[in-house]
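Structure at a glance
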Amino acid sequence: MRDFLTLLRVQLLALANSLAPNAQGAPRAARMRRIALAVVLAFLLATVFAVYAALAAIGLAEAGLADAIPALAVLIGSLAGVAFTFMKARGTLFGARDHDLVMALPIPRRTVVLARMAALFGSAIVIALLLMVPPYVVFFAYVGPAPATVAFAVLSVPLAPLAPTALATFAAFGVTALATRFRRANLAYAALGMLLMMGVIAASYSFSFSAGVDEQATLAATASMAAALRDMVKTAWPPAAWASSAVVDGSVTGFALLALAELGVTAVCVEIMQRCYLGLNGALAGRARKAGGASALRRSGRVRTPFAALVRREHLTLLGIPSYAFNCLFGYLMMLVIAIALSAIGLSDLVTGGRFDELGLDARTMGPLLDRISLIIPWVFAFCASTCMSAAVSVSLEGRSAWITATAPLSSRMVLGAKLASNAIPVAAVLAVSCAIMTVAGELSPVGAIETLAVGFGVFYLWANVGLGIDARRPNYAWTSPNEVVKRSAPITVGIIGALVCVFGGGALTFGFLPDAVGMGATHAVMVALGIVGTVAGQLVFESSVRAARLGAE
């Protein structure tokens, strides 16, 4: 137990170091402020999810389906943990930089695997708390609490995500095993995750698109759907039925079956994975060495400028790390999907949900409204582009290989310029393609295409350079998993938050104020000017980063 707690403490320290790296000599107070800011942002995000879960439960209770809340709460808590775990398990369990060091310690392999999985189980339980506790509170507020049912509800929260998380980890384990046999498995893994995410988004919009205008009819349809979903969940996922019987009826048998199933499935998955853990990590390490040698042989006969070689290396790094690819490629996919959807459906149908006539709108009243709404399109694409900032963490991802870049006869301008170009050129190309699609379809005017390209690229270029500048000044080479840099580092956090502030602030200014104050023509000019200013400011930040970069410095 002591070894397990020690390894768990190392996991927590790695999390803290990823939020505020300690390897660059930053003052303790500055690191604590950064961690506190991350905690505050996490709390705000958690509050949003908790309120949304409570409102959904209230809707079910008002529709007379309070008894469906426990089963659906278990389903939501379990599925949220599954999606999170499947994307995170690979970077947490396999291919860690400290694998050889940890496995050389006199600690049982089972303890090591459990300690690494503790982060996944802990995250799943936190998600379950956010998504299950508010519905349970609503449930007991409507039906009345009893000591036994409240106790079963409390205990079901940490139990519910255990088996789904273990199964998701086991699935990631299987995918990783297959990845050792295929050259492009990492890219396929990231593509699968992006397709799943797009499916969730499409399903969410299709539900709202198909909803009627009549509020009573919509509520009735929602209640009918919830009842059918409750019955289906209880049939397809027995733990949900057992949890429901324990929380609704106070069934001891139901709770016992829930506990046995969750703990039993978890134990079996952990045992299988710990027995295969060494072999799988060894296969991954061998595949990396083999791929590196083969890649060097393939490139040995090619002639390429240093800048082009650096850009190609950045692209290979992006495609070689699933979490990195998923985070930074999803925005490209979103831009293309939005452009195609807008062109196929039309802005008017997309805004009104296909109920143009039912809302009593005609072409005369809809024209000015659509002109006003079209001012939001550039900021939507700016948001999508800002999620593609792979350059923001590209210096830290050098990791132990940073000394190669530091000792190569290359200037800081060339190294950082290649990292920026590998990100900026694809973003500009996808923005241009998206604008061309919408313009050809007649959903975007030439002026709208110019301002979409200018605003989208300007916001991206500014904050990508801000993130790159932070990373170049204080790189974090001490990570053990790429997720520490890709998911939780200061450069990506500052870049995303800064871009969001610009998107919402600029959108509010150009949509809500400027058209009434200066007219539509001047508003379009201001938006193009804002994009140009963002691009120029980004270049100035880049010049400053080149002078202050600490490439290869710990």
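Residues numbered from 1 in each chain as written. Predicted model: local features only at pLDDT ≥ 70, side-chain atom pairs only at ≥ 80, totals over all residues. Heavy atoms only, no water.

**Describing the overall build of the chain**
What counts, and what does not: Only runs of H or I of at least four residues qualify as helices and only runs of E of at least two qualify as strands under DSSP, and these elements are numbered from the N terminus. Accessibility here uses a 1.4 Å probe with only protein chains present; expressed as a share of the type maximum, an area under 20% marks a residue as buried, one over 50% as exposed, and anything in between as partly exposed. Contact criterion: two residues are considered in contact whenever any of their non-hydrogen atoms come within 4.5 Å of each other. Methods summary: accessible areas were calculated by the Shrake-Rupley approach with a probe of 1.4 Å, and residue burial reflects only the protein chains presented.
Along the chain, the regular secondary structure elements total 22 helices and 0 strands. Going through the 554 residues of the chain one by one, you find that 44% of them count as buried. In the chain, once contacts between residues fewer than 6 apart in sequence are set aside, the share between residues at least 24 apart is 85%. Approximately 26100 Å² of the chain is accessible, and the part contributed by carbon and sulfur atoms is 72%.

**Observations concerning the environment of Ser489**
What counts here: Two N or O atoms count as a polar contact when they lie within 3.5 Å, although within protein this holds only if one can serve as hydrogen donor and the other as acceptor, and sequence-adjacent residues are included solely when both atoms are side-chain atoms.
Here Ser489 is to be found in the loop between helix H20 (482-488) and helix H21 (490-518). Sequence separation between Ser489 and Asn476 is 13 residues; the distance between their C-alpha atoms is 8.6 Å. There is a polar contact of 2.6 Å between the side chain of Ser489 and the backbone oxygen of Val485.

**Quick notes on the pattern of salt bridges**
To keep it simple, the criterion reads: Salt bridge criterion: a side-chain nitrogen from Lys or Arg within 4 Å of a carboxyl oxygen from Asp or Glu.
Scanning the model with the defined rule gives 8 salt bridges in all. A salt bridge links Glu271 to Arg110, with the shortest nitrogen-to-oxygen separation between them at 3.0 Å. Taken together, the residues Glu271 in helix H11 (residues 252-299) and Arg110 in helix H5 (residues 109-143) connect sequence positions 161 residues apart. Under the relative-accessibility criterion, Glu271 is labelled partly exposed at 22%. For Arg110, a relative accessible area of 38% translates into the label partly exposed. Two residues, Glu398 and Lys419, come together in a salt bridge whose shortest N-O distance is 2.7 Å. In this pair, Glu398 sits in the loop between helix H16 (377-386) and helix H17 (402-407) while Lys419 sits in helix H18 (residues 412-440), placing the two residues 21 residues apart along the sequence. The same class applies to Glu398 and to Lys419, which are both buried. Because the salt bridges share partners, they merge into one network encompassing Arg313, Glu314, Glu398 and Lys419.

**Some details on the packing of aromatic side chains**
Selection rule: Stacked, tilted and edge-to-face are the three classes assigned to paired rings of Phe, Tyr and Trp, where Trp is represented by its six-membered ring and a pair needs centres within 6.5 Å; plane angles under 30 degrees give stacked, over 60 edge-to-face, the rest tilted. Throughout this description, the term charge over a ring refers to an Arg CZ or Lys NZ atom that lies within 6 Å of the ring centre and within 35 degrees of the ring normal.
Counted according to the given criterion, the structure contains 4 aromatic pairs. Between Phe139 and Phe140 the ring centres are 5.1 Å apart and the planes differ by 70°, which places this aromatic pair in the edge-to-face class. Judged by relative accessible area, Phe139 falls into the buried class, the value being 3%. Look at Phe457 and Tyr461: their rings are 5.3 Å apart centre to centre, the planes differ by 20°, and that puts the pair in the stacked class. With Phe457 and Tyr461 both in helix H19 (residues 446-473), this residue pair falls 4 residues apart, about one helical turn. Take Tyr461: its relative accessible area is 9%, and that puts it in the buried class. Following the ring pairs from residue to residue traces out a cluster consisting of Phe457, Phe460 and Tyr461. Of note, Arg372 hangs over the ring of Phe511, and the distance from its end group to the ring centre comes to 5.6 Å.

**What about the side chain of Glu314?**
Here Glu314 is to be found in helix H12 (residues 306-320). In this structure Glu314 comes out as buried when scored by relative accessible area, which is 8%. Contact partners of Glu314, with chain neighbours within four places excluded, come to Ser394, Glu398, Ala418, Lys419 and Ser422.

**Focus on a nonpolar patch on the surface**
Under the convention used in this document: A patch is a set of surface residues, each over 30% in relative accessible area and not in a salt bridge, joined within 9 Å for like charges and within 5 Å for the nonpolar side chains Val, Leu, Ile, Met, Phe, Trp and Tyr.
A contiguous nonpolar patch, built from Leu37, Val40, Leu41, Phe43, Leu44, Ile497 and Val501 and spanning about 640 Å² of accessible area, is present on the exposed surface. Element by element, the count of residues in the nonpolar patch is highest for helix H2 (residues 28-62), at 5 residues. With respect to the element layout, Leu44 can be found in helix H2. Residue class for Leu44 comes out partly exposed when judged on its relative accessible area of 48%.

**Some thoughts on the packing of H12 against H18**
For the record, the criterion: All axes are obtained by fitting lines to C-alpha atoms, using only the stretch in contact for helices, and the reported angles, taken between N-to-C directions, cover 0 to 180 degrees. When describing relative orientation, an angle under 35 degrees is termed roughly parallel and one over 145 degrees roughly antiparallel, while 65 to 115 degrees is termed roughly perpendicular and anything else oblique. Put simply, a crossing is left-handed when the front helix is turned counterclockwise from the back one by less than a right angle, and right-handed when it is turned clockwise.
Relative to each other, H12 and H18 sit at 60°, their axes nearing to 8 Å. As judged from the angle between their axes, H12 and H18 are oblique. Crossing of H12 against H18: the hand is right-handed. Here H12 contributes Pro306, Phe307, Leu310, Val311, Arg313, Glu314 and His315 to the contact with H18, which in turn contributes Met414, Val415, Gly417, Ala418, Lys419, Ala421, Ser422 and Pro426.

**Let's talk about the environment of Thr305**
One can find Thr305 in the loop between H11 and H12. Note on Thr305: relative accessible area 48%, which makes it partly exposed. Here the side chain of Thr305 touches Ala308 through a polar contact of 3.2 Å, landing on its backbone nitrogen.

**Focus on the packing of H16 against H18**
Two quantities define a packed helix pair, namely the angle between the axes and the distance from one axis to the other. In plain terms, the rule: Only Asp, Glu, Lys and Arg are considered charged in this grouping, and only Ala, Val, Leu, Ile, Met, Phe, Trp, Tyr, Cys and Pro are considered nonpolar; every other residue, Gly among them, is considered polar.
At a closest axis distance of 11 Å, the pairing of H16 and H18 adopts a crossing angle of 150°. Taken together, the axes of H16 and H18 are roughly antiparallel relative to one another. As H16 runs across H18, the sense of the crossing is right-handed. Contacts between H16 and H18 involve Ile377, Phe381 and Ala385 from the first element and Val427, Leu431, Ser434 and Met438 from the second. Residues that form the contact of H16 with H18 fall into these classes: 6 nonpolar, 1 polar and no charged.

**A few points about the side chain of Thr111**
With respect to the helices, strands and loops of the structure, Thr111 is situated in helix H5. Given a relative accessible area of 18%, Thr111 falls into the buried group. Look past the residues within four positions of Thr111 in its chain and what remains in contact with it is Asp3, Phe4 and Leu7.

**Focus: H12**
Put simply, the test is: Expected helix span is taken as 1.5 Å per residue step, with the number of steps being one fewer than the number of residues.
For H12, which comprises 15 residues, the first-to-last C-alpha distance of 21 Å matches the rise-based estimate of 21 Å (1.5 Å per residue) to within 8%. Its buried side turned inward, H12 meets helix H13 (322-345) and H18.

**Describing helix H10 (residues 238-249)**
Spanning 12 residues, H10 covers 16 Å between terminal C-alpha atoms, matching the ideal 16 Å at 1.5 Å per step. Listing the buried residues of H10 in full gives Pro239, Ala240, Ala243, Ser244, Ser245, Ala246 and Val247.

**Structural notes on the nonpolar core**
Put simply, the test is: We call a set of buried Ala, Val, Leu, Ile, Met, Phe, Trp, Tyr and Cys residues a nonpolar core when their side-chain atoms join them within 4.5 Å.
Tyr324, Met335, Leu397, Leu416, Val427, Val459 and Phe460 are the most contacted members of the largest nonpolar core, which has 67 residues in total. Top contributing element to this core by residue count: H19, with 12 residues. Contacts of Met335, omitting those with residues within four sequence positions, involve Phe381, Cys384, Ala385, Cys388, Val430, Leu431 and Ser434. Membership of the second largest hydrophobic core comes to 44 residues, among which are Ala68, Phe121, Phe173 and Phe255.

**Quick look at the confidence of the model for the chain**
Here is the rule we go by: pLDDT measures the predictor's confidence residue by residue and takes values from 0 up to 100.
Residues of the chain with pLDDT of at least 70 account for 76%, and the chain-wide mean is 79. Within the chain, no element has a lower average pLDDT than helix H8 (residues 185-210), which sits at 60, and none a higher one than H16, at 94. Per-residue pLDDT stays below 50 along residues 208-215; that stretch engages in 10 contacts with residues further than four places along the chain or on separate chains. Segment residues 291-301 is flagged for pLDDT under 50; beyond a separation of four residues in sequence, or across chains, it makes 3 contacts in the model.

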